Amino acid sequence: MIPNDLQTSDRVLAGRWIWCGMVALACWLLLPNAADGADSERPNVLFIAVDDLRPEIFSFGREQMETPNIDRLSERGVRFERAYCMVPTCGASRASLMTGIRPARNRFVAPVSYAEKEAPGVITLNTHFKKHGYRTVSLGKVFHHADDNEEGWSEQPWLPAARSYAKSENSKNNPPYEWADVADNSYRDGRLADKAIAELGNLANSQGPFFLAVGFFKPHLPFVAPTRYWQRYPAKMIHLPDSYF
């Protein structure tokens, strides 16, 4: 449970800027239903999905990383140390997570997997909530395809602008990384955090329970972030692994 004194901005993974991500790792936060007369037996759910993050963060014993917001969330919740990705590619892992069906030779193996095409007729997580009276909202990268299982959402899934880069020249060259002296919301995840904070506030004041799914893109390629975040990790301080295998 999240304490009532935690501000709305803190409730989106305890911070405005979230670079961390991991396919098939999602944070479930049960938020008290703020609507008058709401059914307290049906708590609101904030579902946070993040893309391609290994648990190389402070709350998992890796002291090199600065992850204060995730650490705060970890301290107030339950940390699972034996949780595994269903399949090592993003779209397939998401489809598996949202359907509750494991990958097989003929489904959920490609990064562009469609849950509704590869597991037709299966009731997905968001659809289950919607069928039980929840308002279901998708922001960012939840399914790999925004139109996958679209009927399971109460409104059309929202995505931030498609540009991955803040510098226009990089949008043409597509380098694997970028840093720019810009605000957080110059990048997709910053805009997504702003949208999620606003949406969470709106839903908290609405009637009935809600299921809000927020899917962040980082640290999936390309590795882009405002300059100040890069400056926290000088190259000489980065410890490379002894082996990549």
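Quick caveat: nothing in here was measured; it's all calculated off a predicted structure.

This part takes up helix H7 (residues 188-204). Residue pairs spaced three or four apart in an α-helix point in one direction, given the helix's 3.6 residues per turn. In this model, H7 (17 residues) spans 24 Å end to end at C-alpha, consistent with the 24 Å of a helix rising 1.5 Å per residue. Within H7 the residues assigned to the buried category are Arg188, Asp189, Gly190, Leu192, Ala193, Ala196, Ile197, Glu199, Leu200, Leu203 and Ala204.

To continue, consider the nonpolar core. Formed by 17 residues in total, the largest nonpolar core has its most connected members in Phe47, Met98, Trp153, Phe211 and Ala213. Elements with a contribution of two residues or more to this core: strand S2 (44-49), helix H3 (90-99) and strand S5 (210-215). Excluding anything up to four places from it in sequence, Ala213 contacts Phe47, Val137, Ser138, Leu139, Val142 and Trp153. Of all hydrophobic cores here, the second largest spans 15 residues; its members include Leu192, Leu203, Val214 and Phe216.

Right, let's get into the environment of Thr227. Note that Thr227 resides in helix H8 (residues 227-230). For Thr227 and Glu178, which are 49 residues apart along the polypeptide, the C-alpha to C-alpha distance reads 8.5 Å. Other than its neighbours up to four places away in sequence, Thr227 contacts Trp179, Ala180 and Asp181.

A grouping of Glu116, Asp147, Glu150 and Glu151 is seen on the molecular surface, where their side chains present a negatively charged patch. Within the fold, Glu151 resides in the loop between strand S3 (135-140) and helix H6 (168-173).

This part is about the confidence of the model for the protein chain. Summing up the model confidence of the protein chain, the mean pLDDT is 83 and the portion of residues at 70 or higher is 83%. Taking the mean pLDDT of every element in the protein chain, the minimum, 32, falls on helix H1 (residues 8-11) and the maximum, 98, on S3. Per-residue pLDDT stays below 50 along residues 1-32; that stretch engages in 122 contacts with residues further than four places along the chain or on separate chains. A low-confidence stretch, residues 34-38 (pLDDT under 50), is modelled with eight contacts involving residues beyond four sequence positions or located in other chains.

Turning our attention to the packing of aromatic side chains. Summed over the entire model, instances satisfying the criterion amount to eight aromatic pairs. Each ring, one from Phe129 and one from Tyr134, has its centre 4.9 Å from the other, and the planes form 70°; the classification is edge-to-face. Judged by its relative accessible area of 10%, Tyr134 falls in the buried class. On the basis of an interplanar angle of 10° and a centroid distance of 5.8 Å, the ring pair of Tyr177 and Trp179 is categorised as stacked. Tyr177 gets classed as partly exposed once you look at its relative accessible area, which sits at 44%. On the basis of relative accessibility, which here comes to 40%, the residue Trp179 falls in the partly exposed class. Grouped by ring-pair contacts, the aromatic residues Phe47, Phe129, Tyr134, Phe143, Trp153 and Phe211 constitute a single cluster. One Lys or Arg, Arg79, reaches over the ring of Phe60 and ends 5.6 Å from the middle of that ring. Here the basic side chain of Arg188 rests over the ring of Phe217, its NZ or CZ set 4.0 Å away from the ring centre.

Extensive coverage of S3 is indicated by the burial of five of its six residues. Relative to S5, S3 runs parallel, the two being bridged by six bridges. Each bridged residue has a counterpart across the sheet, and for Thr136 the counterpart in S5 is Phe211.

What counts, and where the lines are drawn
- Residues numbered from 1 in each chain as written.
- Predicted model: local features only at pLDDT ≥ 70, side-chain atom pairs only at ≥ 80, totals over all residues.
- Heavy atoms only, no water.
- Helix = DSSP H or I, 4+ residues; strand = E, 2+ residues; numbered from the N terminus.
- Expected span 1.5 Å × (residues − 1).
- Buried < 20%, exposed > 50% of the residue type's maximum accessible area, 1.4 Å probe, protein only.
- Core = buried A, V, L, I, M, F, W, Y, C linked by side-chain atoms within 4.5 Å.
- Contact = heavy atoms within 4.5 Å.
- Patch = residues over 30% accessible without salt bridge, like charges linked within 9 Å, V, L, I, M, F, W, Y side chains within 5 Å.
- Areas by Shrake-Rupley, 256 points an atom, 1.4 Å probe, with all protein chains shown as cover.
- Salt bridge = Lys/Arg side-chain N within 4 Å of Asp/Glu carboxyl O.
- Lys, Arg positive; Asp, Glu negative; His and termini not counted.
- Charge placed at Lys NZ, Arg CZ, Asp CG, Glu CD.
- pLDDT = per-residue confidence, 0-100.
- Phe/Tyr/Trp six-rings, centres within 6.5 Å; stacked < 30°, edge-to-face > 60°.
- Lys NZ or Arg CZ within 6 Å of the ring centre and 35° of its normal.
- Pairing = 2+ DSSP bridges.

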